[in-house]
Amino acid sequence: MSKKPASLGLDRRFVTRAMAAAGAAVLAGCERVAEQPAIRGFVQSAEGLNLRLQRLLQNRTALAQEFTPADISPVFKANGETYPSTPEYEHLANRDFAEYRLEIGGLVERPLSLSLADLRAAPARSQITRHDCVEGWSCIGQWKGARLGPLLQRAGLKPQARYVVFWCFDEWDGPPGRGQPYYESIDLIDAFHPQTILAYEMNGEVLPIAHGAPLRLRVERQLGYKMAKYIRRIEAVESFAHIADGRGGYWPDRGYEWYAGI
Ligand SMILES: Nc1nc2c(c(=O)[nH]1)N[C@H]1C(S)=C(S)[C@@H](COP(=O)(O)O)O[C@H]1N2
Ligand SMILES: [Mo]
């Protein structure tokens, strides 16, 4: 993966800070503008609060653009890992993932162990979206998979759960099977977003190994590196500070943003 363009993300950080500052100023100023009924009325009204919250939340809950079958890229680039070379993954791949189980654990009431048949029977969504890699390329593809939200509901998140971590089969730094796994994490807003799916199909076919078989995340409001391929286990956590370098993902640990919104 090449170096990140210098401009990426700076605008959003600036905007976020500016918004926080503006919000704080509005709230801190409530008393001082009390003499101005129009301003006070708006700021203190439910509508004013709603508007501010809506502006913040809308960016997170809106749907990513969806495309038509005619828009699907004839070739979809495969990037990063394209065939995890651990004994465990190769064993599963050689048997068409018949023995694969997705584990859902961590801060849940009922840990789950799901076969691909279980996942295919779960509430699903299909979507044609554009994948944007931070390296500067984009491809449009169709993805079908189990919606993450209902699966987390089935497992029953404990109240402390704030993030979900995706642990992958591919590893770096270490002998095969004993290295550091690729991982990523998202918050619960993205976890319950309707377009957030665990994809087992791409362009109407079984998900190819190069694109993350048997299961890969699609979190359509974020950049490509968040879309963990080769998912082995999902863990609900309160914080990711204790995991690896503490920034919530393989690329965030290397300086990329944790929230890679687009
Ligand atoms: N497990 C795993 N997931 C991963 C990666 C990886 O190397 N390993 N690369 C990421 C990056 S940078 C991108 S752009 C996409 C690429 O997905 P694709 O191969 O389907 O194009 O996967 C992301 N998810
Ligand atoms: Mo990427």
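Residues numbered from 1 in each chain as written. Chains lettered and ligands numbered in written order. Predicted model: local features only at pLDDT ≥ 70, side-chain atom pairs only at ≥ 80, totals over all residues. Heavy atoms only, no water.

**Here's the deal with the overall build of the protein**
And step 1. Broken down by element type, the protein carries seven helices and ten strands.
And step 2. A burial count over the protein gives 44% of its 262 residues as buried.
And step 3. Across the protein, contacts joining residues at least 24 apart in sequence account for 68% of those joining residues at least 6 apart.
And step 4. Summed over its atoms, the accessible surface of the protein is roughly 13,500 Å², and 55% of this surface lies on carbon and sulfur atoms. (Helix = DSSP H or I, 4+ residues; strand = E, 2+ residues; numbered from the N terminus. Buried < 20%, exposed > 50% of the residue type's maximum accessible area, 1.4 Å probe, protein only. Contact = heavy atoms within 4.5 Å. Areas by Shrake-Rupley, 256 points an atom, 1.4 Å probe, with all protein chains shown as cover.)

**A few points about the pairing of strand S1 (residues 102-106)**
On a regular strand, one side chain projects to one face of the sheet and the next to the other, so that they alternate.
And step 1. Pairing analysis gives three bridges linking S1 to strand S2 (residues 112-114), with the strands arranged antiparallel. Paired with Leu-102 across the two strands is Leu-114, which belongs to S2.
And step 2. In sequence, S1 turns back onto S2 through a hairpin of five residues.
And step 3. Of the pairings in the sheet, the one linking S1 to strand S10 (residues 231-237) comprises four bridges and is parallel in character. Directly across from Gly-105, in S10, lies its bridge partner Glu-235. (Pairing = 2+ DSSP bridges.)

**Quick word on unusual backbone geometry**
And step 1. Between Ala-213 and Pro-214 the backbone carries a cis peptide bond, its omega angle lying at 5°.
And step 2. Following the sequence through the fold, Pro-214 ends up in the loop between strand S8 (205-206) and strand S9 (216-218).
And step 3. Backbone geometry at Tyr-230 places phi at a positive 55°, although glycine is not the residue there.
And step 4. The buried category is assigned to Tyr-230, whose relative accessible area is 0%.

**Digging into the pairing of strand S3 (residues 124-132)**
And step 1. By the bridge criterion, nine bridges tie S3 to strand S4 (residues 138-147) in an arrangement that is antiparallel. When the bridges of S4 are listed, Arg-125 appears paired with Gly-145.
And step 2. Counted along the chain from S3 to the antiparallel partner S4, the turn is five residues long, and its residue Gly-136 has a positive phi close to 110°.

**Overview of the sheet that holds S10**
And step 1. An order of S2-S1-S10-S5-S6 is seen for the five strands of this open sheet, with the pairing classed as mixed. Strand pairing shows two members of the sheet lacking a second neighbour, S2 and strand S6 (180-187), which therefore form its edges. Averaged over neighbouring strand pairs, the angle between their axes works out to 20° when direction is ignored.
And step 2. Strands S1, S2, strand S5 (163-172), S6 and S10 of the sheet are contacted by helix H6 (residues 148-155), whose axis makes an angle of about 135° with S2. (Axes fitted to C-alpha atoms, helices over the stretch in contact; angles between N-to-C directions.)

**Description of the packing of aromatic side chains**
For any pair of aromatic rings, the description rests on two quantities: the centre-to-centre distance and the angle between the ring planes.
And step 1. Going through the model one piece at a time under the given rule, you end up with 16 aromatic pairs.
And step 2. Judged by centre distance (6.2 Å) and plane angle (55°), the ring pair of Tyr-100 and Phe-169 falls under tilted. Here Phe-169 lies in strand S5 and Tyr-100 lies in the loop between helix H4 (87-94) and S1, a separation of 69 residues in the sequence.
And step 3. Classification of Phe-169 as buried rests on a relative accessible area of 3%.
And step 4. For the ring pair Trp-172 and Tyr-250, a centre distance of 5.8 Å and an interplane angle of 70° mean the geometry is edge-to-face. (Phe/Tyr/Trp six-rings, centres within 6.5 Å; stacked < 30°, edge-to-face > 60°.)

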